[in-house]
Every structure is written in C-alpha cells, then in structure tokens.
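Residues per chain are reported as follows:
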Amino acid sequence: MLGIVLIAIGIAVAFAVRAVSFARYMHLEDLGLDVDPAVGSELFSQIVAPTLVERTFVYVSLGLVPAGLVLLILAWRLRSRPPT
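Residues numbered from 1 in each chain as written. Predicted model: local features only at pLDDT ≥ 70, side-chain atom pairs only at ≥ 80, totals over all residues. Heavy atoms only, no water.

**Details of the overall build of the chain**
Then, in step 1: Looking only at helices and strands, the chain has three helices and zero strands in total.
Then, in step 2: Per-residue burial over the chain gives 15% buried out of 84 residues.
Then, in step 3: Here the chain displays about 6,400 Å² of accessible surface, and carbon together with sulfur accounts for 73% of that area. (Helix = DSSP H or I, 4+ residues; strand = E, 2+ residues; numbered from the N terminus. Buried < 20%, exposed > 50% of the residue type's maximum accessible area, 1.4 Å probe, protein only. Areas by Shrake-Rupley, 256 points an atom, 1.4 Å probe, with all protein chains shown as cover.)

**Describing helix 1 (residues 2-30)**
Then, in step 1: Helix length check: helix 1, at 29 residues, gives a terminal C-alpha distance of 41 Å against a target of 42 Å (1.5 Å per residue), a fit within 8%.
Then, in step 2: Here helix 1 has its buried residues at Gly3, Leu6, Ile7, Gly10, Val17, Ser21 and Leu28.
Then, in step 3: Looking at the buried positions of helix 1, the neighbouring elements they touch are helix 2 (41-48) and helix 3 (52-80).
Then, in step 4: Just past helix 1, the residue Gly32 takes up positive phi, approximately 85 degrees. (Expected span 1.5 Å × (residues − 1). Contact = heavy atoms within 4.5 Å.)

**Points about the confidence of the model for the chain**
Then, in step 1: On average, the chain scores 85 in pLDDT, and the residues at 70 or more come to 89%.
Then, in step 2: No element of the chain has a lower mean pLDDT than helix 2, which averages 76, and none a higher one than helix 3, which averages 90. (pLDDT = per-residue confidence, 0-100.)

**Side note on a nonpolar patch on the surface**
Then, in step 1: Taken together, the side chains of Met1, Leu2, Ile4, Val5, Ile9, Leu69, Val70, Leu71, Leu72 and Leu74 make up a nonpolar region of the molecular surface, amounting to roughly 900 Å² of accessible area.
Then, in step 2: Residue assignment for the nonpolar patch shows that the elements contributing at least two residues are helix 1 and helix 3.
Then, in step 3: Position of Leu2 relative to the elements: it lies in helix 1.
Then, in step 4: A residue is classified by how much of its surface remains accessible, and Leu2, at 53% relative accessible area, is exposed. (Patch = residues over 30% accessible without salt bridge, like charges linked within 9 Å, V, L, I, M, F, W, Y side chains within 5 Å. Salt bridge = Lys/Arg side-chain N within 4 Å of Asp/Glu carboxyl O.)

**As for the packing of helix 1 against helix 2**
Then, in step 1: Interaxial distance between helix 1 and helix 2 falls to 9 Å at its minimum, and their mutual angle equals 145 degrees. Contacts from Ser21, Arg24, Tyr25 and Leu28 of helix 1 reach helix 2 at Phe44, Ile47 and Val48.
Then, in step 2: When the residues that make up the contact of helix 1 with helix 2 are grouped by side-chain class, the tally is five nonpolar, one polar and one charged. (Axes fitted to C-alpha atoms, helices over the stretch in contact; angles between N-to-C directions. Nonpolar A, V, L, I, M, F, W, Y, C, P; charged D, E, K, R; others polar.)

**Regarding the packing of helix 1 against helix 3**
Then, in step 1: Helix 3 packs onto helix 1 with a crossing angle of 155 degrees between their chain directions and a minimal axis gap of 7 Å. Viewed along their axes, helix 1 and helix 3 adopt a mutual orientation that is roughly antiparallel. Here the hand of the crossing between helix 1 and helix 3 comes out left-handed.
Then, in step 2: Class assignment for the residues of the contact of helix 1 with helix 3 results in 18 nonpolar, five polar and two charged. (Parallel < 35°, antiparallel > 145°, perpendicular 65-115°, else oblique. Left-handed = near helix turned anticlockwise from the far one by under 90°.)

Spelled out as structure tokens, the structure:
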C-alpha cells in the first residue's frame, strides 16, 4: 500500500510542478512579454526557467516513484511466498 501511495505522490508532484511552470510561462506570454523588445529572449527564458525549489520537487518526485516501485515488488514477492 505504501508503494502505491509513494508512486501516486511522486507522479502528482511532478505534474503539479510542470503545471505551475507552464502556467507561469503562459501568463507572461499572455502579457506579451515573449515578443516585447524591451524584454530580451534571454531574460524571458530566465524568468520562465524552473526555480531551484521546482527542480528539487521534481527530483524528489523522481525518487519517490522508484522507491514506490521497489516497495511494491518487495510486497508482491513476500506475499507470493508460501507460508512455512
């Protein structure tokens, strides 16, 4: 059960971080800052780039998914053993 929870949390966090990053980009694009000559393309890229916290959350979520898979495999193997 813990394995399924870890996998679900890892996937949910990864999607949430992606959605926040995409929303920030779309907000700035709707304001017209992506084509504004006063805001260069390099500055726009730096503004919409993932922050340190977002990257940390993605790495943590990428670690939770394999940990959940390992727990699921271990539980499956222990459950499939015949009782001694």
